[in-house]
Amino acid sequence: MQRDTLVFDLIQKELERQRHGIELIASENFTSLQVMQAMGNVMTNKYAEGYPGRRYYGGCEIVDQTEQLAIDRVKKIFDCEYANVQPHSGAQANYAVMLAILQPGDKILGLDLSMGGHLTHGSPVNFSGKLYKPLFYGVKKENGLVDYDMMEKVALTEKPKLIICGASAYSRDWDYARIRKIADQINAFVMCDMAHPAGLIAKNLLNSPFEHSHFVTSTTHKTLRGPRGGIILMKKDFDNPFGLKDVKGNIRPMSNLLDMAVFPGSQGGPLEHVIAAKAVAFGETLTDEFTQYARQIILNGQAMANSFLKRGYHIVSGGTDNHLLLIDLRNKNISGKKAEAILGKADITVNKNMVPFDDKSAFVTSGIRVGVPAVTTRGMKEEHMEKLVDFIDSAIVNAEQDAELECVRKKVNLFMQQFPLYPELG
Ligand code: DSN
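Being a predicted model, the structure only gives us computed values, none of them experimental.

**Re the overall build of the chain**
When you go through the chain residue by residue, the secondary structure sums to 15 helices and 15 strands. For a compact globule of 426 residues, the expected C-alpha radius of gyration is about 22 Å, and the chain comes in at 22 Å, within 12% of that figure. With the principal axes as the frame, the chain shows a C-alpha extent of 70 × 60 × 35 Å. Here the chain, with 426 residues, has 56% of them falling under the buried criterion. A fraction of 71% describes how many contacts in the chain between residues 6 or more apart in sequence connect residues 24 or more apart. Accessible surface, the chain: about 18400 Å² in total, of which carbon and sulfur atoms supply 53%. In the chain, the 49 positive side-chain charges and the 49 negative ones have mean positions that sit 2 Å from each other.

**A look at the site of the ligand**
Taken together, S27, H118, S168, H196, K222 and R369 form the complete shell of residues around the ligand. Contacts to the ligand include H118, whose side-chain N or O atom sits 2.8 Å from an oxygen atom. Between an oxygen atom of the ligand and a side-chain N or O atom of R369, the distance comes to 2.8 Å. Protein burial of the ligand: of its 230 Å² of free accessible surface, 63% is covered by the chains. Comparing atom positions with the cavity grids shows the ligand to sit within the second largest pocket. Within the shell around the ligand, the residues separate by chemical class into no nonpolar, 4 polar and 2 charged.

**Some thoughts on unusual backbone geometry**
The residue after F263, namely P264, is reached through a cis peptide bond having omega 10°. The residue P264 is located in the loop between α9 (254-262) and α10 (272-285) in this model.

**Describing empty space enclosed by the protein**
To find leftover empty space, a probe the size of one water molecule is rolled over the atoms. Inspection of the entire model under this criterion finds 2 cavities of 30 Å³ or more. In this structure, the largest cavity encloses a volume near 120 Å³. As for the largest cavity, its lining consists of 18 residues, and the residues nearest its centre are A167, Y170, W174, P197 and N322. Split into classes, the residues belonging to the lining of the largest cavity amount to 10 nonpolar, 5 polar and 3 charged. What the second largest cavity holds in volume is close to 50 Å³. Around the second largest cavity sit M115, G144, A169, Y170, S171, R172, V316, S317 and L326, which together line it.

**Some details on the nonpolar core**
The biggest cluster of nonpolar side chains holds 88 residues, and the ones touching the most others in it are L24, F78, W174, L233, M304, I348 and L388. Here this core gets 9 residues from one element, more than from any other, and that element is helix α11 (residues 288-310). Residues contacting W174, with those up to four places away along its chain left out, are L111, Y137, V146, Y148, C165, G166, A167, I179 and N207. Listed in part, the 27 residues of the second largest apolar core include Y132, F238, L244 and L258.

**A short note on the packing of helix α6 (residues 148-158) against helix α7 (residues 176-185)**
Taken N-terminus to C-terminus, the directions of α6 and α7 make an angle of 15°; their axes are 9 Å apart at the nearest point. Taken as axis vectors, α6 and α7 run roughly parallel relative to one another. The interaxial crossing formed by α6 with α7 has right-handed handedness. Seen from α6, the contacting residues are Y148, D149, M151, E152, A155 and L156; seen from α7, they are R178, I179, I182 and Q185. Grouping the amino acids of the contact of α6 with α7 by side-chain chemistry returns 6 nonpolar, 1 polar and 3 charged.

**Observations concerning the pairing of strand β7 (residues 162-165)**
Residues of β7 alternate between two faces, with L162 and I164 on one and I163 and C165 on the opposite face, all of them buried. As defined by bridge partners, strand β5 (residues 107-111) adjoins β7 across 2 bridges and the pair is classed as parallel. From the neighbouring strand, I108 faces β7, where its bridge partner is L162. By the bridge criterion, 4 bridges tie β7 to strand β8 (residues 189-193) in an arrangement that is parallel. In the sheet register, L162 faces β8, and the bridge partner there is F189. This β-α-β element, β7 to α7 to β8, shows right-handed connectivity.

**Structural notes on the environment of Q401**
Relative to the assigned elements, Q401 resides in the loop between α14 (382-397) and α15 (402-416). Overall, the relative accessible area of 42% leaves Q401 in the partly exposed class. Considering only alpha carbons, one finds Q401 and I342, 59 residues apart in sequence, at a separation of 9.7 Å.

**Things to note about α15**
End to end, α15 covers 21 Å across 15 residues, agreeing with the expected 21 Å (1.5 Å per residue, within 8%). Among the residues of α15, those classed as buried are L405, V408, V412, N413, F415 and M416. Looking straight down α15, one finds its buried side chains confined to an arc of 160°; they lie on one side. Set apart from the buried face of α15 by more than 90 degrees, the exposed residues are A403, K410 and L414. Looking at the buried positions of α15, the neighbouring elements they touch are α1 (5-20), β1 (22-23), α12 (336-345), β13 (348-349) and α14.

Rules used in this analysis
Residues numbered from 1 in each chain as written. Predicted model: local features only at pLDDT ≥ 70, side-chain atom pairs only at ≥ 80, totals over all residues. Heavy atoms only, no water. Helix = DSSP H or I, 4+ residues; strand = E, 2+ residues; numbered from the N terminus. Rg over C-alpha atoms; globule rule 2.2 N^0.38 Å. Buried < 20%, exposed > 50% of the residue type's maximum accessible area, 1.4 Å probe, protein only. Contact = heavy atoms within 4.5 Å. Areas by Shrake-Rupley, 256 points an atom, 1.4 Å probe, with all protein chains shown as cover. Lys, Arg positive; Asp, Glu negative; His and termini not counted. Charge placed at Lys NZ, Arg CZ, Asp CG, Glu CD. Near = heavy atom within 4 Å. Polar contact = N/O pair within 3.5 Å; in protein donor to acceptor, adjacent residues only side chain to side chain. 1 Å grid on protein atoms, 1.4 Å probe; cavity = no way out; pocket = protein on both sides within 12 Å on 5 of 7 lines; lining within 4 Å. Sits in = over half its atoms within 2 Å of the grid points. Nonpolar A, V, L, I, M, F, W, Y, C, P; charged D, E, K, R; others polar. Points joined across faces, edges and corners; volume = space filled by probe spheres on them. Core = buried A, V, L, I, M, F, W, Y, C linked by side-chain atoms within 4.5 Å. Axes fitted to C-alpha atoms, helices over the stretch in contact; angles between N-to-C directions. Parallel < 35°, antiparallel > 145°, perpendicular 65-115°, else oblique. Left-handed = near helix turned anticlockwise from the far one by under 90°. Pairing = 2+ DSSP bridges. Right-handed = clockwise from strand over helix to strand, strands pointing away. Expected span 1.5 Å × (residues − 1). Arc of directions from axis to C-beta.

Here you go:
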């Protein structure tokens, strides 16, 4: 068969784009070469509905071993008793947990999307807001921190069955013990979606959600730096305290209900090639090298925050505990949409983001979200953050000057040559 040069040329162009630019999207990262190699392999050919040792297809002896490795390694990383590594994405992981424990119409309580939450935490345009009745808590106007009093008030008044914590654009740590205390008053489950800071939690650099959450979900491709995918974890499997039943009316342990909610509940054949890549990534997470990487993310985040503050930028909550910053651009007279576009012209990739109590729409926004996991993978340290902020500031100040933006782009491309990406790929 002829090589599909059209597609492979585009893949090469994407590699060049990633090499030349500064990647600051907080949810993106660069996997290792071996993670990518594990992902592009013959396991994509294999059907393996079911779980290791209990499949609906023959010939699963080998993929059973890679899937079991992925399970064992991720359980070791987070010191937990249960893992399901089959969800195709974080959204699928959240879907499966809700499918396992909720009935359509049940109430769920999550962080408002416009305050940093996620689509799958109850947004009306997502399954979570369509199948269930969503309720929201927010952040405090005065300091941008999660409003636990509001969470408690809504929880006690409305009695949701599930409280969701975790966010997509929140730069501070969480008080998981307080959330569990609220949930226990109303017999609600707690699900922590740790997709963003998972790599930092893996190395105990942030509070652990595991002791206080019934369920922890994550993606594998953000700070965890694995292939694109999802996972569901439980610190301890438990006989479900509220007597949740399977379709045959049997009361089952939670692990069983969760496995069934992933397959056959919401997915068919697992992506065993991606699961192999998850196993490789989890192996990497267990190394000391990854510990150094995670520590550097925190240092870089703080260095970047300080550089922005020095230049008069307003950071929601005043700084960061993790890998990202949410910058309110209203004092810079530029919308998030415009900033994303002009930074794009300078080969700097960020995403526009609503800030709490935003007066602009989600399409325009008043802010940008900036994250350091990808630039940290490329080898940047604290001293480089100043330079990055300098590039960003120059682009924002010269938003209407195409020649100046071109000048910033050239400097960016030159600067990035110091941080090679996938040199083995030629
Ligand atoms: N879309 C991801 C993010 O950028 O945060 C979350 O799923």
